[in-house]
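# Coordinates in review
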Amino acid sequence: MDSLRTLRKLSFNLSEIDLQLFAEEKTEPATPRRRRRVRQEGQVARSADLSSVVIIGVGLVSILVLGGPLRENIVSLTRYVLSSLYVVAKSDITIDNAVGAQSAIIKFFLKMVAPFFLLALVAALAVNIYQVGFYITFKPLAFNINKLNPVNGLKRIFSLRSLVELIKGLVKAILVGYVVYRYIKADYPTYLKAILVPFPANLLLISKLIFFTLLKVLPFLIILAIIDYRYQKWEFERSIRMSKQEIKEEYKQVEGDPRIKAKIREKQRELARRRMMQEVPKAQVVVTNPVMVAVALRYEPEIMNAPVVVAKGERLMAERIKKIAEEHGVPIVEDRALAWALYKSADVGDEIPPELYKAVAEVLAFVYRLREGRAAA
């Protein structure tokens, strides 16, 4: 007997420990409300690698399309810079000359790179909207004293996520560096020849080599970006998971505590029953089963199209309706079929259905005759 008690106590303790261990385990997907909240705080699944590779790809395509004018502009800019240096070296340097040359170089450079910057900007906006949608929030920019806490900063630096990002960055750098090294090694003789080619042919040759090297590396970068994007989405979904207790608490906040709601509904039913009982004395007749159900009817021809059910109930409620009717002199008529038909087909406050007009009219006629007989007596 003692061993049985010990075993039961041990199983109870184990079940209690299990509940403590797993009650807060975040295993459930985030609810839409939590997703909206973390989105407002600036937490989204976004891959910086995907944005970078799209910008690089758009830049390479724009260079391929606008390569001719770009090459001519670069050659012109280089010649202008070199000629300006030669003129400055042979003549007296003045502030006006220096400022004028500098302004001309800056304007020329901005005009040359403006189309590429615009295309890169459009590409960056497009890929970010694709990843996280269009949403503007200023919450991440709000002042937060916790961000100045050095302890929290050290936790972020030495966290598991930071370690994973470090390893991921090193692996990507090694892989991309190795691929670039292989392509440059294959074109190494061409790079050496470019040194001996006169300007501007050497500039054009080196630009082509760099362009085609990046073009060859681009598919590899796209694969890494897609893998990183999938990882970021998985990591984001894992970070916003909720425990079952958190889901229950959120449901209580949104829908209200079920116990409180049950009490409110019970209170509402009680008030409805009280109002219903207050209408019983105004009824013309109560049709009863006689034990199971009771239905109180009120009919005023001047303001009503048909008799209205003012109260109905089963068992104890039916007994209360009949008791109130007896106390206020409301006639009680026993008709099993009619009582059940009225109870099932009409709610409190509804008119009786047309198919019951004839049966109810007979009951009301009986009640009116009964009242006239009592008045005559």
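The coordinates are above.
Residues numbered from 1 in each chain as written. Predicted model: local features only at pLDDT ≥ 70, side-chain atom pairs only at ≥ 80, totals over all residues. Heavy atoms only, no water.

### What about the nonpolar core?
Counting residues in hydrophobic clusters, the biggest one holds 18 residues, and the most contacted among them are Val 285, Val 287, Leu 297, Leu 338, Leu 342, Val 360 and Val 363. Those elements that provide at least two residues to this core are β1 (285-288), β2 (293-298), α13 (336-345) and α14 (357-376). When near neighbours in sequence (up to four residues on either side) are disregarded, Leu 297 contacts Ala 283, Gln 284, Val 285, Val 287, Val 308, Val 309, Val 310, Leu 342, Ile 352 and Val 360. Ranked by size, the runner-up nonpolar core spans 15 residues in total, among them Ala 283, Val 310, Ala 311 and Ile 324. (Core = buried A, V, L, I, M, F, W, Y, C linked by side-chain atoms within 4.5 Å. Buried < 20%, exposed > 50% of the residue type's maximum accessible area, 1.4 Å probe, protein only. Helix = DSSP H or I, 4+ residues; strand = E, 2+ residues; numbered from the N terminus. Contact = heavy atoms within 4.5 Å.)

### Overview of helix α12 (residues 315-327)
With 13 residues, α12 extends 19 Å between its outermost C-alpha atoms, agreeing within 8% with the 18 Å of an ideal straight helix rising 1.5 Å per residue. Here α12 has its buried residues at Met 317, Ala 318, Ile 321, Lys 322, Ile 324 and Ala 325. Take α12 and look down its axis: the buried residues cluster within an arc of 165 degrees, on one side only. Turned more than 90 degrees off the buried face of α12, the exposed positions are Arg 315, Leu 316, Lys 323, Glu 326 and Glu 327. Gly 329 occupies a position one or two residues after α12 and carries a positive phi of about 70 degrees. (Expected span 1.5 Å × (residues − 1). Arc of directions from axis to C-beta.)

### A closer look at the environment of Val 291
Within the secondary structure layout, Val 291 lies in the loop between β1 and β2. Put simply, Val 291 and Arg 315 are 24 residues apart on the chain and 6.6 Å apart in space, counted from C-alpha to C-alpha. If we skip the residues at most four places from it in the chain, Val 291 touches Arg 315, Glu 319 and Lys 322.

### Looking at helix α3 (residues 48-65)
Taking 1.5 Å per residue as the helical rise, α3 with its 18 residues ought to reach 26 Å, and the 26 Å between its terminal C-alpha atoms agrees with that figure. When α3 is considered as a whole, its buried residues turn out to be Leu 50, Ser 51, Val 53, Gly 57, Leu 60 and Ser 62.

### With respect to the pairing of β1
What you see with β1 is no split at all: Val 285 and Val 287 on one side and Val 286 and Thr 288 on the other are buried throughout. With four bridges connecting them, β1 and β2 associate as antiparallel partners. Each residue of the ladder has a partner; that of Val 285, found in β2, is Leu 297. Bridge count between β1 and strand β4 (residues 332-334): three bridges; the pairing is parallel. Of the residues in β4, the one forming a bridge with Thr 288 is Glu 334. (Pairing = 2+ DSSP bridges.)

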